[in-house]
Amino acid sequence: MKPVIALVGRPNVGKSTLFNRLTQTRDAIVADFAGLTRDRHYGNGRLGKHEFIVIDTGGFEPDAGSGIFKEMAKQTRQAVAEADVVIFVVDAREGLSAQDHDIANELRRLGKPCVLVANKAEGMHDGTKLVDFYELGFGEVHGISAAHGQGIRDLVELALEPL
Ligand code: GDP
Ligand code: MG
């Protein structure tokens, strides 16, 4: 069984862009793997020697009251449950937000290994914009650019190495 990586983060941080980058496709495919629910976006990832499955998720809004947001939060929890490791995506340009804290707390509760990545970090060389994210309590913050394909290989190594 290939390792499963779930992409989690608030809306608009670049999860789907990262999904497309990892799966090298534009269309999220529905995979046919035993034990995986079919109503989320699964893709086959391959990078160097690594083969894995990626799950894209919608927004993650644990405190949203009802309707679509509640459903999205539920979907995300299920994706995390299926995953071996979570890539927690934040936005290097927007900086730390209250929603990031909510998601961090939820991820802590779910107890899966997490790698924290700050996306949209192309052109940010000094890392000063990333220091705030250490507050989330997930250790090192890895700057990447999903859109420009920067830091992706290292990220995959980092996520899969401990498994
Ligand atoms: P999602 O809601 O988390 O799935 O985010 P999307 O993948 O839909 O991306 C949200 C927006 O961020 C889109 O306009 C993307 O083009 C943009 N975006 C994604 N990755 C990057 C990146 O690495 N750098 C920059 N500058 N923009 C990005
Ligand atoms: Mg998306």
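In this text the structure is predicted, and so the values were computed from the model without any measurement.

> Hey, could you run me through the overall build of the protein in this one?
In terms of regular secondary structure, the protein is built from 4 helices and 6 strands. Counting from the amino terminus, the protein carries its helices and strands in the arrangement β-α-β-β-α-β-α-β-β-α. Within the protein, the proportion of its 163 residues that are buried is 38%. For the protein, restricting intrachain contacts to residue pairs at least 6 apart in sequence, the fraction spanning at least 24 positions comes to 67%.

> Explain helix α3 (residues 98–110) here, please?
In an α-helix, one turn spans 3.6 residues; hence positions three or four apart end up facing the same way. End to end, α3 covers 19 Å across 13 residues, agreeing with the expected 18 Å (1.5 Å per residue, within 8%). Within α3, the full set of buried residues consists of Asp100, Ile103, Ala104 and Leu107. Buried residues of α3, seen end-on, are gathered within an arc of 105° and therefore sit on one face of the element. Across α3 from its buried face, at more than 90 degrees, point the exposed residues Ala98 and Arg109. Contact partners of the buried residues in α3: β1 (4–8), β4 (85–91) and β5 (114–119). Positive backbone phi, at 75°, marks Gly111, one or two positions downstream of α3.

> Teacher, can you tell me more about the sheet that holds β4 here?
Strands belonging to one sheet form pairs held by backbone hydrogen bonds; the direction of such a pair is parallel or antiparallel. Taken together, the 6 strands give an open sheet; going across it, the order is β2-β3-β1-β4-β5-β6, and neighbouring strands pair in mixed fashion. Strands at the two margins of the open sheet, each flanked by one partner only, are β2 (41–47) and β6 (141–143). In this sheet, neighbouring strand axes are inclined to one another by 30° on average, regardless of whether the strands run parallel or antiparallel. Examined bridge by bridge, β1 and strand β3 (residues 50–56) share 3 bridges and lie parallel to one another. Bridging across to β3, Ala6 finds its partner in Ile55. The sheet strands contacting helix α4 (residues 152–160) are β1, β2, β3, β4, β5 and β6, and the helix crosses β5 at an angle near 165°.

> Please explain the nonpolar core as it appears in this structure.
The biggest cluster of nonpolar side chains holds 43 residues, and the ones touching the most others in it are Ala6, Val86 and Phe88. Those elements that place two or more of their residues in this core are β1, α1 (15–23), β3, α2 (67–82), β4, α3, β5 and α4. The leading source of residues in this core is β4, at 6 residues. Setting aside residues up to four positions removed in sequence, Ala6 forms contacts with Ile55, Thr57, Ala79, Val80, Glu82, Ala83 and Val86.

> Would you mind showing me how to read the pairing of β2 here?
Consecutive residues of a regular strand have side chains that alternate between opposite faces of the sheet. Pairing between β2 and β3: 7 bridges, direction antiparallel. Note that in β3 the partner of Leu47 across the bridge is His50.

> Is there a simple way to think about the environment of Val4 in this case?
Along the chain, Val4 falls in strand β1. Expressed as a C-alpha distance, the spacing of Val4 and Tyr134, which sit 130 residues apart in the sequence, is 25 Å.

> For this particular structure, what's the right way to read the site of ligand 1?
Surrounding ligand 1, one finds 15 residues, the nearest of these being Gly14, Lys15, Ser16, Thr17 and Ala147. If one sorts the elements of the shell around ligand 1 by residue count, α1 sits on top with 3 residues. Taken together, the residues of the shell around ligand 1 sort by class into 4 nonpolar, 8 polar and 3 charged.

> What should I look at first to understand α4 in this one?
Of the residues making up α4, those classed as buried are Leu155, Val156, Ala159 and Leu160. With its buried residues spanning 115° around the axis, α4 presents them on a single face. Among the structural elements, β1, β2, β3, β4, β5 and β6 are those in contact with the buried residues of α4.

Conventions adopted
Residues numbered from 1 in each chain as written. Chains lettered and ligands numbered in written order. Predicted model: local features only at pLDDT ≥ 70, side-chain atom pairs only at ≥ 80, totals over all residues. Helix = DSSP H or I, 4+ residues; strand = E, 2+ residues; numbered from the N terminus. Buried ≥ 20, exposed ≤ 12 C-beta atoms within 10 Å, placed from the backbone. Contact = placed C-beta atoms within 7 Å. Expected span 1.5 Å × (residues − 1). Arc of directions from axis to C-beta. Pairing = 2+ DSSP bridges. Axes fitted to C-alpha atoms, helices over the stretch in contact; angles between N-to-C directions. Core = buried A, V, L, I, M, F, W, Y, C linked by C-beta atoms within 7 Å. Near = placed C-beta within 6 Å. Nonpolar A, V, L, I, M, F, W, Y, C, P; charged D, E, K, R; others polar.

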